[in-house]
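Topology and contacts: notes
If you want the building blocks of each chain, they are given just below.
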Amino acid sequence: MTVPAAGRGTTTVAPRAVRRIAERAAAEALPDGGSVIRGSAAVRGASARIAVGVRLPYPVRADEAAQRIRERAETRTAALTGLSVPRAEVRVDALSVAAPPPVPEAEPGLPGDEGGSGPRIWAQRRVPAAVLAAVGAAACGLLLVDVIAVRFGGAPAGWRTALVDWAAAHGPADTAVRLAGVGAALVGAWPLSCALLPGLRRRLRMAAPAPEVRAALDRTAAARILRERALGVPGVVQARVSVRRRRARVRAGVGYGRPEEVRAEVVRVLGASLPELGLRRTPALRVRVRREPGWRTPEAEVPEAEVPEAAEVPTVAGRPAAAASGPHDRHHGGAQDGDLDGPQDGPGDGPRNSGEA
């Protein structure tokens, strides 16, 4: 029995369902950070029109993103509803600026703290590895050649037979055997220490901003920075600095000023400079000062006051004019003036003065 088509019923897809399908299809094509704001759908017979409003992240190419969303919404809606979608409209209604992900800040370690910012940097040990590989390859090659020669009927090498004979004739109590054993132990300890120790003793470990970042500062560079800061202190004319993992030693030469005041200033300046190096463990500071050969006290630096030169006192016959003058000279001012002008002692002066008297 065949049921006519009119009696079989109809399948109707509601516009609400088409709208939700279109919104979900558009969300599948959105870039990261985008979202669907709203959608709409209109169904007419076997065709549907859809429109979707989206929010896109900034910055992004809006035309390319809208093209992908439109193609995805058309094909997916047509496949899931069985309707033809001749037209799909995509509207970019808003842009969103995504906040940058927070960067985890490195927690500063306490002085003397050894843990918290990743493993220590290990040396590559290229030279020890190359030397060990070359020596091992040479020894194994010589032994392999000798063993192959013996297997094919040849005589063993002379160095091997001599070594075996010497080892058979000497026991563990011999001095040569003991020395050879100590040497072999030292040679074996060298590659073992290279494998177990990190090396790079000339580098100071720095505090890293993230666990996957490892940084180191050369000890010479750290000492040079501290030396420049120490030489900037007034009174310091020479400085020697050595920086190690646990301690920083400073020897400063004082050329002028009080040594105790200069030392206090050096301690203050370098104490503020050590944290600026960014080391994971701030070394302890030790400062020693000494007087340089040309050291001057602060009192010696004060210029002496200028003393005015003594005024010249005129003399008469080897004596001061005031002492040579008497009551007679004070009475005759003209004779006194003549004596101050120049020496006038002569035979003619005596009778003239006596006659006047």
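Quick summary incoming for the structure in this document. (Residues numbered from 1 in each chain as written. Predicted model: local features only at pLDDT ≥ 70, side-chain atom pairs only at ≥ 80, totals over all residues. Heavy atoms only, no water.)

**A word on the overall build of the protein**
Stated precisely, the cut-off is as follows: Helix numbers and strand numbers start at the N terminus; a helix is a DSSP run of H or I with at least 4 residues, a strand a run of E with at least 2. Calculation of accessible area relied on Shrake-Rupley with a 1.4 Å probe; when residues are assessed, cover is drawn exclusively from the protein chains displayed.
Helix and strand counts for the protein come out as 11 helices and 10 strands. Just so you have it, the protein exposes about 25300 Å², and 57% of that area is on carbon and sulfur atoms.

**What to know about the sheet that holds strand β1 (residues 35-44)**
What counts, and what does not: Strand pairing is defined by DSSP finding a minimum of two bridges between the two strands. In this analysis, axes come from line fits to C-alpha atoms, helices being fitted only over the stretch in contact, and the angle between any two N-to-C directions falls in the range 0 to 180 degrees.
With mixed pairing, the 3 strands of this open sheet are ordered in space as β1-β2-β3. Every interior strand has two partners, whereas the edge strands, β1 and β3 (84-97), have only one. The sheet shows a mean angle of 15 degrees between the axes of neighbouring strands, taken without regard to direction. Direction of pairing for β1 relative to strand β2 (residues 47-58): antiparallel, over a ladder of 9 bridges. Paired with glycine 39 across the two strands is valine 52, which belongs to β2.

**Here we look at the pairing of β3**
Put simply, the rule is: Handedness is read with the strands pointing away from the viewer; a crossover is right-handed when the path from the first strand over the helix to the second is clockwise.
Bridging between β2 and β3 involves 11 bridges; their strand directions are parallel. Residue pairing across strands places serine 47 opposite serine 84, the latter belonging to β3. Handedness of the β2-helix α2 (residues 62-81)-β3 crossover: right-handed.

**Things to note about the sheet that holds strand β6 (residues 236-243)**
Put simply, the rule is: Two residues qualify as a contact provided that any one of their heavy atoms is within 4.5 Å of a heavy atom in the partner residue.
Here 3 strands make up an open sheet; going across it, the order is β6-β7-β8 and the pairing mixed. Because the sheet does not close on itself, it has two edges, and the strands there are β6 and β8 (284-296). Taken over all neighbouring pairs, the strand axes of this sheet differ in orientation by 15 degrees on average, direction set aside. With 9 bridges joining them, strand β7 (residues 247-256) and β8 adopt parallel strand pairing. Paired with valine 250 across the bridge in β8 is valine 287. The strands touched by helix α7 (residues 259-273) are β6, β7 and β8; relative to β8, the strand with the most contacts, the crossing angle is about 140 degrees.

**Notes on the side chain of threonine 77**
You can see threonine 77 is positioned in helix α2. Discounting chain neighbours no more than four positions away, the residues touching threonine 77 are Val18, Ile21, Ala22, Ile50, Gly82 and Val85.

**Structural notes on unusual backbone geometry**
Put simply, tyrosine 58 and proline 59 share a cis peptide bond, and its omega is 0 degrees. Tracing the backbone through its elements, the reader meets proline 59 in the loop between β2 and α2.

**Remarks on the pattern of salt bridges**
How we decide: Definition used for salt bridges: Asp or Glu carboxyl oxygen within 4 Å of a side-chain nitrogen of Lys or Arg. For every residue, the accessible area obtained with a 1.4 Å probe (protein chains only) is divided by the maximum for its type, and the residue is called buried under 20%, exposed over 50%, and partly exposed between those limits.
Overall, the coordinates contain 10 salt bridges when judged by the stated rule. One salt bridge connects glutamate 265 with arginine 268, and the closest N-O pair in it is separated by 2.5 Å. Within this pair, glutamate 265 and its partner arginine 268 are both found in helix α7, separated by 3 residues, close to a single helical turn. For glutamate 265, a relative accessible area of 28% corresponds to the partly exposed category. For arginine 268, a relative accessible area of 52% translates into the label exposed. Connected through salt bridges with shared partners, the residues Arg61, Asp63 and Glu64 form a single ionic network.

**Points about a positive patch on the surface**
Going by this rule: Patch membership needs two things, relative accessible area over 30% and no salt bridge, and members are linked within 9 Å if like-charged or within 5 Å if nonpolar (Val, Leu, Ile, Met, Phe, Trp, Tyr). None of His or the chain ends enter the tally, which takes Lys and Arg as positive and Asp and Glu as negative. Lysine's charge is taken at NZ, arginine's at CZ, aspartate's at CG and glutamate's at CD.
Together, Arg202, Arg240, Arg244, Arg249, Arg251, Arg286 and Arg288 make up a positively charged patch on the protein surface. Within the residue set of the positive patch, elements represented by two or more residues are β7 and β8. Structurally, arginine 286 is set in strand β8.

**Brief notes about the nonpolar core**
Selection rule: Residues belong to one nonpolar core when they are buried, are Ala, Val, Leu, Ile, Met, Phe, Trp, Tyr or Cys, and are joined through side-chain atoms within 4.5 Å.
Counting residues in hydrophobic clusters, the biggest one holds 23 residues, and the most contacted among them are Leu226, Val236, Val243, Val266 and Leu277. Each residue touching leucine 277, except ones within four places of it in the same chain, is listed here: Met206, Leu217, Ala222, Ile225 and Leu226. Ala26, Ala66, Leu83 and Ala88 belong to the second largest nonpolar core, which has 18 residues in total.

**A look at the environment of alanine 73**
Position of alanine 73 relative to the elements: it lies in helix α2. According to the relative accessible area criterion, alanine 73 is buried, its value standing at 2%.

**Looking at helix α6 (residues 219-231)**
Using the following cut-off: Under the convention used throughout, the expected extent of a helix is 1.5 Å for every residue step, that is, one less than its residue count. In this description, one arc is meant: the one made by directions from the helix axis to the C-beta atoms. We define a polar contact as two N or O atoms separated by no more than 3.5 Å, with the added condition that, inside protein, one atom must be a possible hydrogen donor and the other a possible acceptor, whereas residues neighbouring each other in sequence contribute only through side-chain atom pairs.
Its 13 residues give α6 an end-to-end C-alpha distance of 18 Å, which sits within 8% of 18 Å, the value for a rise of 1.5 Å per residue. For α6, the full list of buried residues reads Arg219, Ala222, Ala223, Leu226 and Ala230. Axial view of α6: buried residues confined to an arc of 95 degrees, hence all on one face. Packed against the buried residues of α6 are β4 (203-205), β5 (216-218), β6 and α7. For α6, the N-terminal cap is aspartate 218; the gap from its side-chain oxygen to the backbone nitrogen of threonine 220 is 3.0 Å.

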